Amino acid sequence: MNEFTEEGNVFKILSEAISEGIIVVNKDQIIVATNTSANVVFGYEDEELRGQHLDVLIPTNFRKNHHHLVSGYLKKSRKRQMGQNQDLYGCRKDGSQFPIEVGLNPFSMYDKNYTMALVIDISVRKKAEQELKHWANIFNESLNEIYIFDSKTLFFLDVNKGALKNIGYSIQELREMTPLDIKPQFNRELFYEKIAPVIDGTIDKLKFNSYHQRKDGSTYPVEIHLQKSIISNKDTLVAIILDITEQEAYTLKLEQTVTNRTRQLEEALTKEKELNDLKTKFLSLVSHEFKTPLSGILTSATLAGKYTKETQQDKREKHLKTIKGKVKYLNNIINDFLSIERLETGKVTYKFSNFPLSKVINEVIYDANMLLKEGQSIEYPENIDAIFIDFDEKILELILTNLINNAVKYSSETSTIYISAKEENNQLKINIRDEGIGIPETEQKFIFNRYFRAENALLDQGTGIGLNIVKTHLENLGGTITFKSIQNQGSTFTVIIPTANS
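The following refers to the structure shown. Keep in mind the model is a prediction, meaning the values are calculated, not measured.

What follows covers the overall build of the chain. Along its length, the chain carries twelve helices and 18 strands. The burial tally for the chain puts 38% of its 502 residues in the buried class. Accessible surface computed for the chain: about 30,100 Å², of which carbon and sulfur atoms make up 52%.

Pasting the structure below:
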């Protein structure tokens, strides 16, 4: 064994019992002895390394630095770890490099100085460290927020940079906090109930949406992915948080866009359908609205002719009253159709005069009394005798007749129709309130459309053109009509007209 011959057998026996590689070099860094573990680690045969310079085991790009480390070591010449806080690499016979850990131990023998290097291949450990570092970097550098907290106490154990940046707290502050401190919508009981399936192992992963509150008090929507983990023999929960502020805003914008496009399409389809159905609807309406009262007139006339005795006059009068009502109804329908024709062709002429409001209201209520159901009544408006207006008297009569007759028609027996009128700021405000069936909220926007009839009014007679005519006349004369209605509670129509002809 050259200069190591005397103690060769002892070295051989001792070194082969050690699993780590052993390399002994002299003061000139010439290898004088190796054990089998060292030969295997570096890929050499037994005795093949002896006599070679230590550089053969050092990668070329590391030799310069290695010589510097050796010089420093020789000056101190004491037992220690080589390359502390540095990455050391060895070079195999085939040229491949691998990470090593080296312990150095100087000694003297026969007045000669040697150094024994204990070499350990740390490839597996280094790989594990790199993987751990890789995952640590992913954890810390992730743009998503990551929280780790104790599954029992709920106190935060660790958080990443993304969480610190978005939540606004420091790591020291968070370690004295729990998820409840940043989730204002949860209390302890609700939160434990939410995460219980993950803690007890019922499910592996829990996903839910929530809101987080920053240190400055602002909140933001988040999507939470929660799963169980064990760190240092402690049960923990790992929460990966996605800030979905932009996603939520985009979703709302997308939903609004879809809603707008859908509405536009529906409006277009509705208009097209209305145009296509208009003729059919009109003909069907005229046929139905004329046929029903005419049948009633024919029936009442036939029955009235049978009651010829004096004792039957009350029955006769009843049927004659029915005939008058049906004829008046037909006359109103004809007047409505004539009004539409005149309005569309521009042949309407308005005749203004100064007249007392009470005159028109008296006439309208008198005629409406003929239509009242059993127990129905109309409450006469108070303090209107002094109100005079410059307006088209016939048009005002048409407007009030339409509104009051509707109130009677769509209200039940024993109900009351209330009429009020008030003059202020050169305007007359008239309210007609009933206790009737009301107008469904979804159909209220169509109520002034020509031929439209609400779904809950289809069983009652009507053309669906009266309110359209009323609104058109009022707009032509500088007035307005509005309403409020609650289904099954009643409706209030408000007419506002100027009291002076401008």
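It is worth spelling out the nonpolar core at this point. If you look at the biggest cluster of nonpolar residues, it comprises 40 residues, and the most contacted ones within it are Leu-357 and Leu-396. Mapped onto this core, the elements with two or more residues apiece are helix 10 (357-369), strand 14 (388-392), helix 11 (393-409), strand 15 (416-424), strand 16 (427-433), helix 12 (466-476), strand 17 (480-486) and strand 18 (490-498).

Further remarks concern a nonpolar patch on the surface. Among the surface-exposed residues, Tyr-250, Leu-254 and Val-258 lie close enough to one another that they form a single nonpolar patch of about 310 Å² accessible area. Position of Leu-254 relative to the elements: it lies in helix 8 (residues 245-306).

Before going further, it helps to examine the sheet that holds strand 15. The five strands lie next to each other as 13-15-16-18-17, forming an open sheet whose pairing is mixed. At either margin of the open sheet sits one strand with a lone partner, and together these are strand 13 (377-379) and strand 17. Within this sheet the neighbouring strands show an average axis-to-axis angle of 15°, counted without direction. With three bridges connecting them, strand 13 and strand 15 associate as parallel partners. Residue Glu-379 lies in a different strand from strand 15, and its bridge partner there is Tyr-418. Across the sheet, helix 10 touches strand 13, strand 15 and strand 16, and the angle it forms with strand 13 is around 170°. Contacting strand 17 and strand 18, helix 12 runs over the sheet at an angle of about 140° to strand 17.

Now for helix 10. Across its 13 residues, helix 10 extends 18 Å between first and last C-alpha, which sits within 8% of the 18 Å expected from 1.5 Å per residue. Inspection of helix 10 places Leu-357, Ser-358, Val-360, Ile-361, Val-364, Ile-365 and Ala-368 among the buried residues, and these make up the whole buried set. For helix 10, the angular spread of the buried residues around the axis is 160°, confining them to a single face. The inward-facing, buried residues of helix 10 contact strand 12 (352-356), strand 13, helix 11, strand 15 and strand 16.

Remark: helix 10 packs on helix 11, axes separated minimally by 9 Å, with the N-to-C direction vectors making an angle of 40°. With respect to their mutual orientation, helix 10 and helix 11 come out oblique. Classified by chirality, the crossing of helix 11 by helix 10 is right-handed. In this structure, helix 10 uses Leu-357, Lys-359, Val-360, Ile-361, Glu-363, Val-364 and Ala-368 to contact helix 11, whose residues at the interface are Glu-393, Leu-396, Glu-397, Leu-400, Thr-401, Ile-404 and Asn-405.

Conventions adopted
Residues numbered from 1 in each chain as written. Predicted model: local features only at pLDDT ≥ 70, side-chain atom pairs only at ≥ 80, totals over all residues. Heavy atoms only, no water. Helix = DSSP H or I, 4+ residues; strand = E, 2+ residues; numbered from the N terminus. Buried < 20%, exposed > 50% of the residue type's maximum accessible area, 1.4 Å probe, protein only. Areas by Shrake-Rupley, 256 points an atom, 1.4 Å probe, with all protein chains shown as cover. Core = buried A, V, L, I, M, F, W, Y, C linked by side-chain atoms within 4.5 Å. Patch = residues over 30% accessible without salt bridge, like charges linked within 9 Å, V, L, I, M, F, W, Y side chains within 5 Å. Salt bridge = Lys/Arg side-chain N within 4 Å of Asp/Glu carboxyl O. Pairing = 2+ DSSP bridges. Axes fitted to C-alpha atoms, helices over the stretch in contact; angles between N-to-C directions. Contact = heavy atoms within 4.5 Å. Expected span 1.5 Å × (residues − 1). Arc of directions from axis to C-beta. Parallel < 35°, antiparallel > 145°, perpendicular 65-115°, else oblique. Left-handed = near helix turned anticlockwise from the far one by under 90°.

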